[in-house]
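The lines below spell out each chain.
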Amino acid sequence: MRQQKSRGFWYGVYALVLLALVAGIWGMSARVHYDWNWKDVPRYLVSTSGQELLAPFDAYVSITPDGKTLSLKEYGGERSASYTDFAQAYAESGDLVFRDDLLAYQAGLKPGILLVGLWMTLKLSAVSLVFALLLGLVAGLGRVADNPAAKQLSSNYVELIRGTPLLVQIFIVYFFIGTVLQLSAFTAGVVALAVFTGAYIAEIIRSGIESVPKGQMEAARSLGMNYTQTMRYVILPQALKKTLPSLAGQFINLIKDSSLVSVMALTDLTKAGREIISSNFRPFEVWFTIALMYLLLTGTLSYLVRRLEKRLAHD
Amino acid sequence: MTDAPLIHATGVEKCYPNGTQALKGVDLKVARGEVVCIIGPSGSGKSTLLRALNAMETITGGEVVVDGISVHARGTDLNKLRTHVGMVFQQFNLFPHMTALENVMLAPTRVLKRPPEEARSRAEKLLAKVGLADKANVHPGQLSGGQQQRVAIARALAMQPSIMLFDEPTSALDPEMVGEVLEVMKNLAREGMTMCVVTHEMGFARAVANRVIFMDAGLIQYQNAPQAFFDAPESERLKLFLGQVLK
Ligand SMILES: Nc1ncnc2c1ncn2[C@@H]1O[C@H](COP(=O)(O)OP(=O)(O)O)[C@@H](O)[C@H]1O
Ligand SMILES: [Mg+2]
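Remember, predicted model here, so these are calculated numbers, not experimental data.

S.K.: Explain the interface of chain A and chain B to me, please; I cannot follow it from the model alone.
M.R.: In many reports, interface size means the accessible area that the parts give up when they come together. On the side of chain B, 24 residues touch chain A, which itself brings 17 residues to the contact. Carbon and sulfur atoms supply 61% of the area buried between chain A and chain B, which totals about 1,700 Å² over both sides. Viewed at the interface, chain B and chain A are joined by one salt bridge. Across the pair R51(B) and E218(A) runs a salt bridge whose closest N-O atoms are separated by 2.9 Å. At the junction of chain A and chain B, the tally comes to six residue pairs in polar contact (both at pLDDT 80 or more). Elements represented by at least two residues in the side of chain A that touches chain B include exactly α7 (214–222) and α8 (227–257) of chain A. The greatest single-element share of the side of chain A that touches chain B, amounting to seven residues, is contributed by α7(A).

S.K.: Looking at this model, I keep getting lost on the side chain of S222(A). Mind explaining?
M.R.: Note on placement: S222(A) falls in helix α7. Classification of S222(A) as buried rests on a relative accessible area of 3%. Among the polar contacts made by the side chain of S222(A), one reaches the main-chain carbonyl oxygen of A219(A) at a distance of 2.9 Å. Not counting residues within four places of it along the chain, the set of residues in contact with S222(A) comprises N54(B), M56(B), R82(B), V85(B), M87(B) and F89(B).

S.K.: Got a minute to help me understand the sheet that holds strand β1 (residues 7–15) of chain B in this structure?
M.R.: In a beta sheet, neighbouring strands pair by backbone hydrogen bonds and run either parallel or antiparallel. All names here are of chain B. One open sheet accounts for four strands, arranged β2-β1-β4-β5; its pairing is antiparallel. Each end of this open sheet is capped by a strand with a single partner; those strands are β2 (21–30) and β5 (69–70). In terms of strand pairing, β1 meets strand β4 (residues 61–66) through five bridges, oriented antiparallel. Residue pairing across strands places H8 opposite V65, the latter belonging to β4. Contacts from helix α1 (residues 46–53) reach β1, β2 and β4 within the one sheet, and its direction differs from that of β2 by about 55 degrees.

S.K.: What should I look at first to understand the sheet that holds strand β3 (residues 59–63) of chain A in this one?
M.R.: Strand order across the open sheet formed by four strands is β5-β4-β3-β7 (chain A), with antiparallel pairing between neighbours. Strands at the two margins of the open sheet, each flanked by one partner only, are β5 (80–83) and β7 (96–97) of chain A.

S.K.: Teacher, can you tell me more about the site of ligand 1 here?
M.R.: Residues and elements named next belong to chain B. Near ligand 1 the following residues occur: Y16, N18, T20, A22, P41, S42, G43, S44, G45, K46, S47 and T48. With respect to ligand 1, the side chain of Y16 contributes an N or O atom lying 3.3 Å from a nitrogen atom. The separation between an oxygen atom of ligand 1 and a polar side-chain atom of T48 is 2.4 Å. Protein chains bury 63% of the 560 Å² of accessible surface belonging to ligand 1 in isolation. Broken down by element, the shell around ligand 1 gets its largest block of residues, three residues, from α1. Tallied by class, the residues present in the shell around ligand 1 amount to three nonpolar, eight polar and one charged.

Quick notes on the rules
Residues numbered from 1 in each chain as written. Chains lettered and ligands numbered in written order. Predicted model: local features only at pLDDT ≥ 70, side-chain atom pairs only at ≥ 80, totals over all residues. Heavy atoms only, no water. Contact = heavy atoms within 4.5 Å. Buried area = accessible area lost by both parts, 1.4 Å probe. Salt bridge = Lys/Arg side-chain N within 4 Å of Asp/Glu carboxyl O. Polar contact = N/O pair within 3.5 Å; in protein donor to acceptor, adjacent residues only side chain to side chain. Helix = DSSP H or I, 4+ residues; strand = E, 2+ residues; numbered from the N terminus. Buried < 20%, exposed > 50% of the residue type's maximum accessible area, 1.4 Å probe, protein only. Pairing = 2+ DSSP bridges. Axes fitted to C-alpha atoms, helices over the stretch in contact; angles between N-to-C directions. Near = heavy atom within 4 Å. Areas by Shrake-Rupley, 256 points an atom, 1.4 Å probe, with all protein chains shown as cover. Nonpolar A, V, L, I, M, F, W, Y, C, P; charged D, E, K, R; others polar.

What follows is the structure, encoded as structure tokens:
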């Protein structure tokens, strides 16, 4: 009873602290005379300006007087086309347009720049994760191998990557390797993130393998299984299960680290924010929104991993 | 030659990298169908000797021939050799992420490439043989020590080995579980399995062994049929050791 009372008290303290923090932020923004304007934010999430309708070939434009039908007649050719499914014409009657010129905006919603950036961040993280896992697995197995070349190479890789800042690695990949091999910004981003995260995953996998009791290797080998079979069927399943929480943590780090690739010509969530701010000068609202979006992403992920862990713990 | 010894070790020496001389020239012959019990104080080299027989440990001198194969020769297919030599460990070493049945099936399907149905029905028979037919789908974590060790024996038998090595199979067990494991081993001996058993169960050695070996300081000091071995200990050292163990 007494205990319940004091717990209630501390929840009250917790609420007060949160309130004080919000008031503090508000107070600070008031001191710099920042006037909050959240109304602009939704249109960066969902844009109402609609899809663009582009000319499929060089043509003359004609629009009916009621403005509902737009027809094309090919310049120096026989083709023609007409459109009715648009909201607002951009070209005018009698215009000569060239292929891929803007004709009109179609009605409807399209994802705003923040959602497009979020999607890029997700895609970048997911693709990088796949390669990071592969790299980490190979390097982690190399770390525990008997072969001196495998051991030495993987240990150098891990030390090199963990000893240098990610931002510097991104610059090297983008400006040096990317230029030499003519990598796209996306590929360069994936390479940088996968190589970086792979080094940490290698260490996680190594420690996972080393945490499996020595007797497991002995029992499997005494049954006539070779090293590869033993790793695949006996050691790795146990090691991966044990390291699942750390691997998930690494994936969450990967999502956050991916914000650094916004230094390249790649519009991820963070870069999207910088682009918005450079046109509307509303840094507070935009950065808070972006922080929240990252938090949603990582929060969902840790929730899914916790559920997976529970399921695995059962069998 | 059918009566050539199944295990023939001569002058086996083992010096660990840290300089410990664990075996100092051991000669051992085990005939087909023979049950040999090895006793001796801790650190006398019993485990090292057993592990040298299936090349789980390299040796630094001498030779081991098992079933006509020179174990430590260059070019010997050790994985193939080990399918003929089953091993049971003090700590069971079952694979915790698999059920009892999967533990028994793993090596036959992956190493011998047996079809899964065939491996499964054999594994079920073996689990029944060690008295655990009802535990097939249970993970090792939910089994008692005695049950785990019996699954481990079934797992080794699944490879249809011609020799079984036991390294203190009951030493990690609570006393009330020792009997069930020894019972399985007794049945195995009765069926004619060739066995090398490191153990401190003198009752088992006396009842089942054809020969008892006393190891000390990296050497076989003394060996004899169980009757003579226990009733007329040859040396003071052995007498002292037996006195301690039997207490
Ligand atoms: N991997 C190892 N490295 C170094 N010394 C070892 C190793 N394994 C065993 N030894 C040493 O070799 C000797 C014999 O060990 P072991 O064969 O395990 O004896 P037993 O099984 O009779 O107790 C002991 O002195 C032990 O400390
Ligand atoms: Mg031992």
